[in-house]
Every structure is written in C-alpha cells, then in structure tokens.
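Examining the three-dimensional arrangement
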Amino acid sequence: MIATAALELLDESGVDGLTMRKVAAALDVQAPALYWHVKNKRELLDAMARALFVSAVHGLEAPRRETDWQDWLVELAGRLRSALLRYRDGARVMAGTSISDESLWRVTELTLRTLEDAGFSIREAARVFPILLHYTIGFVIEEQARAGIEYPDGNPYRPDLLAAEIDSERYPLTVQMVGDLFSTDPDEEFNHALRVILAGIRATTGI
C-alpha cells in the first residue's frame, strides 16, 4: 500500500519531489506512523522498486519448447521497460535499489535454466540477466529524460532544436543524423540495441 501510494505520487512530483510527508498525507496518516514501516526514503524507494519489479514479471513463465532463448529475454526486458514507463521517473526509482523478493529469485532461476538449456554454462548464464537489467534501466532513464518534463521552457531533446544548434559546416554528418541519434521511435531503438546486446552475448559465448 505504501509503495503503491508513493508510485502514484511520481507523476505529480517526480522522484526528487517525493517525500515521506507527501506519502503519509496520501495515505491519510501522520508522518511518524510511516516510519514504522519504512525508516527513510531509501527504504521507500526499495519498496517502490520491488512493486515495479513484481508487476513487471507477474505471470512470466519459462519459454515454450519452440521459443528461442533470445526472444524470451526480449520479452522479459520489454516487460520491465513497460513497468518502468508507467510512472514518471520509474527507471530512476529502480536504479540502485535493493530488491529482495521471491519474484526476483524466481525470474533469476527461470533465466538461468533457460540459458543453461540453450547451452550456456551456469557461470555464463549468470552474467546475462544483470546485463539486460542494467541496459533496460539505463535506457528508460534516458527515455524518460527525453520527455523533457524537467524543462519548463521546452524540451531540449527535440531533434529540430538540436539540429538548429549544431554547426552544419563543421558537423554535417551529425546534423544529418540527429533525428536518428535522438530517435522518435524509442520502441524500435530499444529493441534494436537489445538484439545487438544479445548477438554480442551469443558471439562471445559461442552459443
């Protein structure tokens, strides 16, 4: 309940404006009562991250026999990205938090077994999930920043504004490609880079 209330406050204030007092007010309790459950904002963020992760992997099962391990991992990363995008600063909430929950251990076990079945050694398999987790969180942090919510005078990430600031004589290729560098299709950008990462994993492991 506390984590849910805090997540719902993100659209209003973002993670920087989120306070224990605001969460207490949303729950209609006094701030001291909240400290019986979470000692500080760090613990609050951990609880919020846990709620985000649980929602992301709810219903996730091992891949069917005909499902390629890469496709299964793409689905897993996509689930996490979708969960983070539901809330302003969702990825910043997740970054650097401690998630201790049965759902994390279950997903880790599913990932290890999926990769082991695909031919990975258990040590190689153990490296894959953190790579995908960190890529997804980092991508969504940038994706949400590009929305420009923190800039009251306008979104500085707009390709047309960026192109106008770049010296086209000195940096002609950059001007030409600024639209691609700051893609307006984050879904395509996310999935492309994810496939590149998985291809690299496959190449380095010889699977």
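These figures come from a predicted structure and were not determined experimentally.

Bringing the overall build of the protein into the picture now. Check the secondary structure of the protein and you find eleven helices and zero strands. With respect to the three principal axes, the spread of C-alpha positions in the protein is 55 × 50 × 25 Å. For the protein, with 207 residues in total, the buried portion stands at 37%. The long-range fraction of contacts in the protein, counting pairs at least 24 apart against all pairs at least 6 apart in sequence, stands at 70%. Carbon together with sulfur atoms contributes 52% to the accessible area of the protein, which is approximately 12200 Å² in total. A gap of 6 Å separates the mean positions of the 22 positive and 32 negative side-chain charges of the protein.

Attention now goes to the packing of helix 5 (residues 69-85) against helix 7 (residues 102-117). It is at 10 Å that the axes of helix 5 and helix 7 come closest, and there the two elements cross at 160°. One element, helix 5, and the other, helix 7, form an angle in the roughly antiparallel class. Of the two elements, helix 5 crosses helix 7, and the hand of that crossing is left-handed. Counted together, W69, W72, L73 and L76 of helix 5 and V107, L110, T111, T114 and L115 of helix 7 form the full contact between these two elements. The residue makeup of the contact of helix 5 with helix 7, split by class, is seven nonpolar, two polar and no charged.

Rules of the game
Residues numbered from 1 in each chain as written. Predicted model: local features only at pLDDT ≥ 70, side-chain atom pairs only at ≥ 80, totals over all residues. Heavy atoms only, no water. Helix = DSSP H or I, 4+ residues; strand = E, 2+ residues; numbered from the N terminus. Buried < 20%, exposed > 50% of the residue type's maximum accessible area, 1.4 Å probe, protein only. Contact = heavy atoms within 4.5 Å. Areas by Shrake-Rupley, 256 points an atom, 1.4 Å probe, with all protein chains shown as cover. Lys, Arg positive; Asp, Glu negative; His and termini not counted. Charge placed at Lys NZ, Arg CZ, Asp CG, Glu CD. Axes fitted to C-alpha atoms, helices over the stretch in contact; angles between N-to-C directions. Parallel < 35°, antiparallel > 145°, perpendicular 65-115°, else oblique. Left-handed = near helix turned anticlockwise from the far one by under 90°. Nonpolar A, V, L, I, M, F, W, Y, C, P; charged D, E, K, R; others polar.

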